[in-house]
Amino acid sequence: MDKNNLPEFSVLPEHIGIIMDGNGRWAKQRNLPRYKGHIEGAKTFRKIGEFAADIGIKCLTFYAFSTENWKRPQEEVNAIMELFREYLREADERSAENEEKGITLRFIGDKNGIPEDIANLMDHIEKISSDKSKVILNIAINYGGRHEIAQAVRAIAEKVKNGEMNVDDIDENAISEHLYTKGMPDPDLIIRPSGECRLSNFLTYQSAYSELWFSDVLWPDFKEEDLVAALREFERRNRRFGGV
Ligand code: FPP
C-alpha cells in the first residue's frame, strides 16, 4: 500500500493482538513442507507490523509460538526457532533504524525453555530498545495465557509472603501489573485469520473486553487490505464495556 496515501480511520484500536494462524495449511495447499508456510508467515508478520505502525497503531502483539506449540514435530519447531533467530539478529542490526522509527520490541512469554541463544538475544534487544517509543511491537514466544496468570499469581503470593503486599491489595489492577503486558493497554481488537474462531490461550486475562475479528484468509496471504477491513469493522463496533 502506498505510504503517502494511507487510509484514515475515525477511531483506531490502541492495541491489536494478532494470531498468526494458517501457515501449515497454506503450505499444504501448495504441497510444500509446513516450515515453508512459516517462512511466508514471517514475511507477512514484517509487512503487517510495519503497516500497522504506519497507520498509527500504538501497540501490537503477535502470537508467534505458544506454550503448547512444543508438541509439534521437532523439525517444525526447529524451523520456527530459526526464523526467530534470523529476525532477532536482523532486529539487532537494525536497532538504530527502529529507534529512529520509534519502534520498541518486547517479548512476552516464558523465556525458560526457549533455546538459550534466542532468549539471550531477546534480552539484549529489550535492553537496547528505548522505552519512549511511539509503537510497541510485542512478540509472544513460548506464551500461554493461563501460564501467564499462574506466574502472576505466584509473584503476588511471594510478595504477600514477604510482606511487600497485603491480601487486600490484590485487585484486577494488581493482577494486570504482574502480567507480561504490565503497563500496556489491554487489546482493543484481536484478529485471527484462517477460519478458526477461538483465542487459543492468547492474552486470556487481557482480552476480557476485546473485540474479536475472524477471517478465512490464511496468515501468509494476509494483506494490508485485510487489516484495513478489520479496522473498518472495528470503527462500526459499539463498545459498551458492560454499560448501556
Ligand atoms: C500457526 O499456524 C503458526 C505458528 C504456530 C507459528 C507462527 C510463526 C511465524 C509466523 C513465524 C514468526 C516469525 C517471527 C520472526 C516472529 P499453523 O502452523 O498452526 O497453521 P495451520 O493451522 O494451518 O497448521
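It should be noted that the structure appears before, not after, this text.
Residues numbered from 1 in each chain as written. Predicted model: local features only at pLDDT ≥ 70, side-chain atom pairs only at ≥ 80, totals over all residues. Heavy atoms only, no water.

## Examining helix α3 (residues 74-93)
Within an α-helix, residues lying three or four positions from one another point in the same direction, as the helix has 3.6 residues per turn.
And step 1. Between the first and last C-alpha of α3 there are 29 Å, a value that for 20 residues agrees with the 28 Å anticipated at 1.5 Å per step.
And step 2. Taken as a whole, α3 has its buried residues at Glu76, Val77, Ala79, Ile80, Met81, Leu83, Phe84, Arg85, Tyr87, Leu88 and Ala91.
And step 3. Of the surrounding elements, those touching the buried residues of α3 are α2 (34-54), β2 (59-66), α4 (95-101), β3 (103-108), α5 (116-128) and β4 (135-143). (Helix = DSSP H or I, 4+ residues; strand = E, 2+ residues; numbered from the N terminus. Expected span 1.5 Å × (residues − 1). Buried < 20%, exposed > 50% of the residue type's maximum accessible area, 1.4 Å probe, protein only. Contact = heavy atoms within 4.5 Å.)

## Details of the sheet that holds strand β6 (residues 211-214)
And step 1. Pairing is parallel in the open sheet, where 6 strands are placed in the order β3-β4-β2-β1-β5-β6. Strands with a single pairing partner mark the edges of an open sheet, and in this sheet they are β3 and β6. Averaged over all adjacent pairs, the angle separating strand axes in this sheet is 20 degrees, with direction ignored.
And step 2. The pairing of β3 with β4 spans 6 bridges and is parallel. Paired with Arg106 across the two strands is Asn138, which belongs to β4.
And step 3. On the sheet, α3 packs against β2, β3 and β4 and is oriented at approximately 145 degrees with respect to β2. (Pairing = 2+ DSSP bridges. Axes fitted to C-alpha atoms, helices over the stretch in contact; angles between N-to-C directions.)

## A short note on the pattern of salt bridges
And step 1. As enumerated under the stated definition, the model contains 22 salt bridges in all.
And step 2. Here Glu76 makes a salt bridge to Arg72, at a shortest N to O gap of 2.8 Å.
And step 3. You can call Glu76 buried: its relative accessible area is 6%.
And step 4. Relative accessible area serves as the criterion here: at 29%, Arg72 is assigned to the partly exposed category.
And step 5. We note a salt bridge from Glu196 to Arg198, for which the minimum N-O separation is 3.3 Å.
And step 6. Classification of Arg198 by relative accessible area gives partly exposed; the value is 46%.
And step 7. Because the salt bridges share partners, they merge into one network encompassing Asp21, Arg25, Arg192, Glu196 and Arg198. (Salt bridge = Lys/Arg side-chain N within 4 Å of Asp/Glu carboxyl O.)

## Topic: the environment of Asp21
And step 1. Its place among the elements puts Asp21 in the loop between β1 (15-19) and α1 (23-29).
And step 2. Here the alpha-carbon distance between Asp21 and Arg192, two residues 171 residues apart in the chain, equals 6.9 Å.
And step 3. Aside from chain neighbours lying at most four places away, what touches Asp21 is Arg192, Pro193, Ser194, Glu196, Leu218 and Trp219.
And step 4. Among the polar contacts made by the side chain of Asp21, one reaches the side chain of Ser194 at a distance of 2.9 Å. (Polar contact = N/O pair within 3.5 Å; in protein donor to acceptor, adjacent residues only side chain to side chain.)

## Structural notes on the environment of Lys111
And step 1. You can see Lys111 is positioned in the loop between β3 and α5.
And step 2. Residues Lys111 and Asn162 lie 51 residues apart in sequence; the distance between their C-alpha atoms is 25 Å.
And step 3. When near neighbours in sequence (up to four residues on either side) are disregarded, Lys111 contacts Ala119, Met122, Asp123 and Glu126.
And step 4. Here Glu126 takes part through its side chain, which lies 2.9 Å from a polar atom of the side chain of Lys111.

## Some remarks on the side chain of Glu126
And step 1. Secondary-structure assignment places Glu126 in helix α5.
And step 2. Owing to a relative accessible area of 18%, Glu126 belongs among the buried residues under this scheme.
And step 3. Beyond its immediate chain neighbours, meaning those up to four positions away, Glu126 contacts Leu105, Arg106, Phe107 and Lys111.

## Examining a negative patch on the surface
And step 1. A contiguous patch of negative charge on the surface is contributed by Asp168, Asp169, Asp171 and Glu172.
And step 2. Within the element layout of this structure, Asp171 appears in the loop between α6 (145-161) and α7 (172-176). (Patch = residues over 30% accessible without salt bridge, like charges linked within 9 Å, V, L, I, M, F, W, Y side chains within 5 Å. Areas by Shrake-Rupley, 256 points an atom, 1.4 Å probe, with all protein chains shown as cover. Lys, Arg positive; Asp, Glu negative; His and termini not counted. Charge placed at Lys NZ, Arg CZ, Asp CG, Glu CD.)

## Thoughts on the site of the ligand
And step 1. As a structural note, the neighbourhood of the ligand is formed by 18 residues, with Met20, Gly24, Arg25, Arg34 and Arg72 the closest of them.
And step 2. The separation between an oxygen atom of the ligand and a polar side-chain atom of Asp21 is 3.2 Å.
And step 3. At 2.9 Å, a side-chain N or O of Arg34 approaches an oxygen atom of the ligand.
And step 4. Summarising the interface, the protein chains cover 92% of the accessible area of the ligand, which totals 620 Å² for the free molecule.
And step 5. For the shell around the ligand, the secondary structure elements donating two or more residues are α1, α2 and α3.
And step 6. In terms of residue count, the dominant contributor to the shell around the ligand is α2 (5 residues).
And step 7. For the shell around the ligand, a count of residues per class yields 8 nonpolar, 6 polar and 4 charged. (Near = heavy atom within 4 Å. Nonpolar A, V, L, I, M, F, W, Y, C, P; charged D, E, K, R; others polar.)

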